[in-house]
Amino acid sequence: MIAMRMRETGFKTALKAAALGTKFKVSRPRGSFTLHKDFARPAVFLAGGIGITPVRSILDWATQERMPHKLYLFYSNREAGDAAFLEELEGLAMRNPCFTLIPTVTRLMSTAWPYEKGSIDRVLLTRYLQGLRGPVYYVSGPSGMVVAMTKLLQFAGVSDDDVKTEEFGDYKLSENPVQTNCV
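Chemist: Before we move on, could you go through the overall build of the chain and cite the residues and values that matter?
Modeler: When helices and strands are tallied, the chain shows 5 helices and 6 strands. In the chain, the succession of α and β elements from N to C terminus is α-β-α-β-α-β-β-α-β-α-β. Expressed as a percentage of the 183 residues in the chain, the buried residues total 38%. In the chain, the share of contacts with a sequence separation of at least 24, taken over all contacts with a separation of at least 6, comes to 74%. Carbon and sulfur atoms form 52% of the exposed surface of the chain, whose accessible area is close to 11300 Å².

Chemist: Can you explain the pattern of salt bridges? Please cite residues and give values.
Modeler: According to the stated counting rule, one finds 4 salt bridges in the structure shown. The residue Glu88 makes a salt bridge to Arg56 at a minimum N-O spacing of 2.9 Å. Highlighted residues: Glu88 in helix 3 (residues 86–95) and Arg56 in helix 2 (residues 52–64), separated in sequence by 32 residues.

Chemist: Tell me about the environment of Leu132, and please be specific about residues and values.
Modeler: Turning to its location among the elements, Leu132 is positioned in the loop between helix 4 (122–129) and strand 5 (136–142). In the structure, Leu132 is positioned 90 residues away from Pro42 in sequence and 7.8 Å away in space, judged by C-alpha atoms. Not counting residues up to four positions away in its chain, the partners in contact with Leu132 are Pro42, Val44 and Tyr72.

Chemist: Which residues make up the pairing of strand 2 (residues 71–77), and what are the values?
Modeler: Counting buried positions along strand 2 yields 7 of 7 residues, so the element is predominantly enclosed. Neither face of strand 2 is exposed, since Leu71, Leu73, Tyr75 and Asn77 on one face and Tyr72, Phe74 and Ser76 on the opposite face are all buried. Examined bridge by bridge, strand 1 (residues 43–48) and strand 2 share 6 bridges and lie parallel to one another. When the bridges of strand 2 are listed, Ala47 appears paired with Tyr75. Handedness of the β-α-β unit built from strand 1, helix 2 and strand 2 comes out right-handed. Both strand 2 and strand 3 (residues 99–105) contribute to a ladder of 7 bridges, which runs parallel. Looking across to strand 3, one finds that Ser76 is bridged to Thr104. Taking the sense of rotation as the criterion, the β-α-β connection linking strand 2, helix 3 and strand 3 turns out right-handed.

About the cut-offs
- Within each chain, residues carry numbers counting from 1 in the order of the written sequence.
- Selection of residues for local features in this predicted model requires a pLDDT of at least 70, selection of side-chain atom pairs for listing and counting requires 80 or more, and totals for whole chains, interfaces and linings are taken over all residues.
- Remark: hydrogens and water are excluded; side-chain values derive from all non-hydrogen atoms of the structure.
- A run of H or I in DSSP counts as a helix once it spans at least four residues, and a run of E counts as a strand once it spans at least two, with each numbered from the N terminus.
- Burial classes follow relative accessibility: with a 1.4 Å probe on protein chains only, a residue under 20% of its type's maximum area counts as buried, one over 50% as exposed, and anything between as partly exposed.
- The contact definition used throughout considers only heavy atoms, calling two residues in contact when any of these lie within 4.5 Å.
- We get accessible surface area from the Shrake-Rupley algorithm with a probe of 1.4 Å; when it comes to residues, only the shown protein chains can shield them.
- We count a salt bridge whenever a side-chain nitrogen from Lys or Arg sits within 4 Å of a carboxyl oxygen from Asp or Glu.
- A pair of strands is labelled paired if DSSP reports no fewer than 2 bridges between them.
- Crossover handedness is defined by viewing with both strands directed away from the observer: a clockwise path from the first strand over the helix to the second marks the crossover as right-handed.

Written out as structure tokens, the structure is:
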């Protein structure tokens with residue numbers, strides 16, 4: 001699945017205006033942003049905005065496979081309406097007793113939001129992770145968010161070996177597309 005938030009950027013404006021059948025060159029997935037195999041170690045996901053996409057995939061797979069990992073998702077968005085896949089994540093949390101969903105918004109537009117308010121910070125993490133032993137952290141989202149969360153974890157004494165990141169960088173349109181699999 002490919003998911004993106006349609007913003008007014010050069011790439012996304014061109015993508016939105018592209019005619020059906022336009023060819024784009026898409027690079028292959030890289031890295032190792034996958035759930036670790038040690039069931040005894042909890043997984044803590046820190047996702048921002050559309051950075052939820054790879055995390056959603058991991059959580060869906062872990063639920064389908066009935067993986068015994070304890071899973072915690074801190075999912076931050078500016079506003080409630082920005083929270084992609086929130087209903088699906090709520091469903092996963094209901095089906096998977098090992099999964100705890102902690103959504104948060106940084107700009108509260110309505111008092112109807114039933115979850116956390118504010119940014120992901122040390123206080124929020126401590127409230128939910130107090131006493132948790134040896135988690136592996138997964139950080140996914142815009143570059144600024146990934147940098148901030150990585151610094152927060154380093155300051156908290158988390159080893160770099162226990163942090164996996166998926167940073168969403170710049171997009172580029174290809175002048176001479178060679179792959180035709182993606183429209």
